[in-house]
Amino acid sequence: MTTEHNPNQDGNQNTHFGFKTVAENEKAKKVGEVFHSVASKYDLMNDVMSAGLHRGWKRFAIEISGVKAGDKVLDIAGGSGDLSKLFAKKVGADGQVILTDINASMLAVGRDRMLDAGLSVPALQCDAEKLPFPDNHFDCVIVAFGLRNMTHKDKALAEMQRVLKVGGRLLVLEFSKVWQPLSKIYDVYSFKLLPFMGKILAKDAESYQYLAESIRMHPDQETLKQMMTDAGLSKVDYYNLAAGVVALHKGYKT
Amino acid sequence: MLKALSTRLLQHLISQNSWASNLLQPHAGKSLQINVSFISASLVILENGDLAMAGETNVPDAKVTIPPSLLLRLLAKDEAANRQINIEGDTQLVAELAKVFSNMRWDYEDDLSNLIGDIPANKIGTYARDAANSVKETSVNLAEMLSEYWQEEMPLIAKKRHVEQFNAEVDTLGADVARFEKKLAKLTKSIKANLDNGLLKN
């Protein structure tokens, strides 16, 4: 990930957007366009792309979180609100879950879904690199399939660490590096089949091409573990799910 | 995938044995590695008192190593076998987890009732318990019958009183040999002293 932030001709920093290189201040806008485009069919595509496995991965993240009744949970890049819904049931009436996303279209889907489920979960549009919450506030912060889209992952992780209480946990559920013998098949799936399915189901091959590319550009398990440690988290450990297609990282604020 | 399934199973058992959460919660964040021969599994205690499988890079707070030869004895609840388990690290954590696992019960009737309803689940549970008791009783009867046959008809197994008598005779013999050894040593010492003093000739 050494090429993540490089200066361009204007002296501004560049970053990656999938396999393309763009100015840092453009990445958030471009990611926003992708998610605005896929928002309405995001869950359907997730189900198709992962054969429904993403629901199991999210449920596993909840099981590993150790969240109990009365806890405060922050769901970052929560989009369609799958995790917030499950967490809301865990924390009960005495706890609190806050759903956030930088993308208004995705957040609107999540907010409506919470309301339809009769859950009182505040939905807040905010940037994970500048979280509008006080220090030491949450028992658990989770970001699922969102970190790879963030321009400054190190800043975002530091912010997540800041808002955690001492003893609180940060969970990062994200695509990762697949087990080597499966990498060829996974490449064919990601770069051929995934954009094709995007074209058929969401009429948007380009956005799904970006999703596949962004997965490849995301740090592998050990690199992300180190990044979390650098952000001030301790006892960082990870679980490989589906042979490393996805990894769940967990770290503590001490 | 195996870790996810095992974690779900562990948490399901904990939810059926809610007393266990209270015991485990003070140890939240700690982990235990269990090694049986080449098989190794690590468990971690979560903040809500649940158990989960540990991740890929977990560093355990305690390690328990069970030689494969002890497994059957442990399953038969042989107390002496417990002392042969090798424990490293946080022994209090190991003791707490041992307490939890030895008292944990799977309420299969409750699980079944969610699938087929209370009454059929209770009926199946009753049949299962009756069948288990019947198997147990039959096994005990068969074992008693065989032991009687091998003791009385075709003596292959010694009777308890014969074993006790044999043990007592072995103890007596042991004591006699020990006394004899002492007398022999005393006599040897006395002869050697007499030889040294010239009272006896070689």
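Cut-offs applied
- Residues numbered from 1 in each chain as written.
- Chains lettered and ligands numbered in written order.
- Predicted model: local features only at pLDDT ≥ 70, side-chain atom pairs only at ≥ 80, totals over all residues.
- Helix = DSSP H or I, 4+ residues; strand = E, 2+ residues; numbered from the N terminus.
- Rg over C-alpha atoms; globule rule 2.2 N^0.38 Å.
- Buried ≥ 20, exposed ≤ 12 C-beta atoms within 10 Å, placed from the backbone.
- Contact = placed C-beta atoms within 7 Å.
- pLDDT = per-residue confidence, 0-100.
- Axes fitted to C-alpha atoms, helices over the stretch in contact; angles between N-to-C directions.
- Left-handed = near helix turned anticlockwise from the far one by under 90°.
- Nonpolar A, V, L, I, M, F, W, Y, C, P; charged D, E, K, R; others polar.
- Domains from an automatic or database assignment.
- Pairing = 2+ DSSP bridges.
- Right-handed = clockwise from strand over helix to strand, strands pointing away.

### Quick look at the overall build of chain B
Here is step 1 of the chain: A count of helical and extended segments in chain B gives 8 helices and 5 strands.
Here is step 2 of the chain: Ordering the α and β elements of chain B from the N terminus gives α-α-β-β-β-β-α-α-β-α-α-α-α.
Here is step 3 of the chain: Relative to a compact globule of 202 residues, whose C-alpha radius of gyration would be 17 Å, chain B shows 29 Å and is clearly more extended.
Here is step 4 of the chain: Residue burial in chain B is summarised as follows: out of 202 residues, 12% are buried.
Here is step 5 of the chain: In chain B, the proportion of contacts linking residues at least 24 apart, taken out of those at least 6 apart, comes to 55%.

### Regarding the confidence of the model for chain B
Here is step 1 of the chain: The share of residues in chain B with pLDDT of 70 or more is 99%, and the mean pLDDT across the chain is 88.
Here is step 2 of the chain: Put simply, helix α4 (residues 79-82) of chain B is where chain B has its lowest mean pLDDT, 78, and helix α8 (residues 160-196) of chain B is where it has its highest, 93.

### A word on the packing of helix α2 (residues 42-50) of chain A against helix α7 (residues 183-201) of chain A
Packed helix pairs are characterised by how far apart their axes lie and by the angle those axes make with each other.
All names here are of chain A.
Here is step 1 of the chain: Relative orientation of the contacting elements α2 and α7 amounts to 145 degrees, with a least axis distance of 11 Å. Considering only the axes of α2 and α7, their crossing is right-handed. Contacts between α2 and α7 involve Leu-44, Met-45, Val-48 and Met-49 on the former and, on the latter, Leu-194, Met-197, Gly-198 and Leu-201.
Here is step 2 of the chain: For the contact of α2 with α7, the class distribution of residues is 7 nonpolar, 1 polar and no charged.

### Considering the environment of Gln96(A)
All names here are of chain A.
Here is step 1 of the chain: Inspection of the secondary structure assignment puts Gln-96 in strand β5 (residues 96-101).
Here is step 2 of the chain: Sequence separation of Gln-96 and Gly-232 is 136 residues, and the distance between their C-alpha atoms is 25 Å.
Here is step 3 of the chain: Residues within four places of Gln-96 in sequence aside, it is in contact with Lys-72 and Val-91.

### Observations concerning the packing of helix α3 (residues 53-65) of chain A against helix α4 (residues 82-91) of chain A
All names here are of chain A.
Here is step 1 of the chain: Contact geometry of α3 with α4 gives a least axis separation of 10 Å together with a crossing angle of 35 degrees. The element α3 and its partner α4 pack so that their crossing is right-handed. Facing Lys-58, Arg-59, Ala-61 and Ile-62 of α3, the residues of α4 in contact are Asp-82, Leu-83, Leu-86, Phe-87 and Lys-90.
Here is step 2 of the chain: Here the contact of α3 with α4 is built from residues that sort into 5 nonpolar, no polar and 4 charged.

### Comments concerning the domain arrangement of chain B
Here is step 1 of the chain: Assigned domains of chain B: these are domain 1 (2-103), domain 2 (107-157) and domain 3 (158-202).
Here is step 2 of the chain: Inter-centroid distance (C-alpha atoms) of domain 1 of chain B to domain 2 of chain B is 28 Å.

### Some remarks on the sheet that holds strand β2 (residues 39-45) of chain B
All names here are of chain B.
Here is step 1 of the chain: The 5 strands lie next to each other as β3-β2-β1-β4-β5, forming an open sheet whose pairing is mixed. Each edge of the sheet is formed by a strand with only one pairing partner; in this case those strands are β3 (51-53) and β5 (86-89). Averaged over all pairs of adjacent strands, the angle between strand axes in this sheet comes to 20 degrees, irrespective of strand direction.
Here is step 2 of the chain: Looking at chain direction, strand β4 (residues 62-66) and β5 are connected through 4 bridges and run antiparallel. Along β5, the bridge assignment pairs Ala-62 with Gly-89.

### Overview of unusual backbone geometry
Residues and elements named next belong to chain A.
Here is step 1 of the chain: Not every positive phi belongs to a glycine, and Lys-235 is a case in point at roughly 45 degrees.
Here is step 2 of the chain: Positionally, Lys-235 belongs in strand β9 (residues 233-241).
Here is step 3 of the chain: Under the C-beta neighbour-count criterion, Lys-235 is labelled partly exposed, with 17 such atoms within 10 Å.
Here is step 4 of the chain: Backbone geometry places Ala-243, a non-glycine residue, at a positive phi of 60 degrees.

### Some thoughts on the pairing of strand β8 (residues 164-175) of chain A
Residue and element names in this part refer to chain A.
Here is step 1 of the chain: In terms of strand pairing, strand β7 (residues 138-144) meets β8 through 6 bridges, oriented parallel. Residue pairing in the sheet places Cys-140 in a bridge with Arg-169 of β8.
Here is step 2 of the chain: One crossover worth recording links β7 to the parallel β8 by way of helix α6 (residues 153-163), and it is right-handed.
Here is step 3 of the chain: As paired strands, β8 and strand β10 (residues 246-253) are joined by 7 bridges and run antiparallel to one another.

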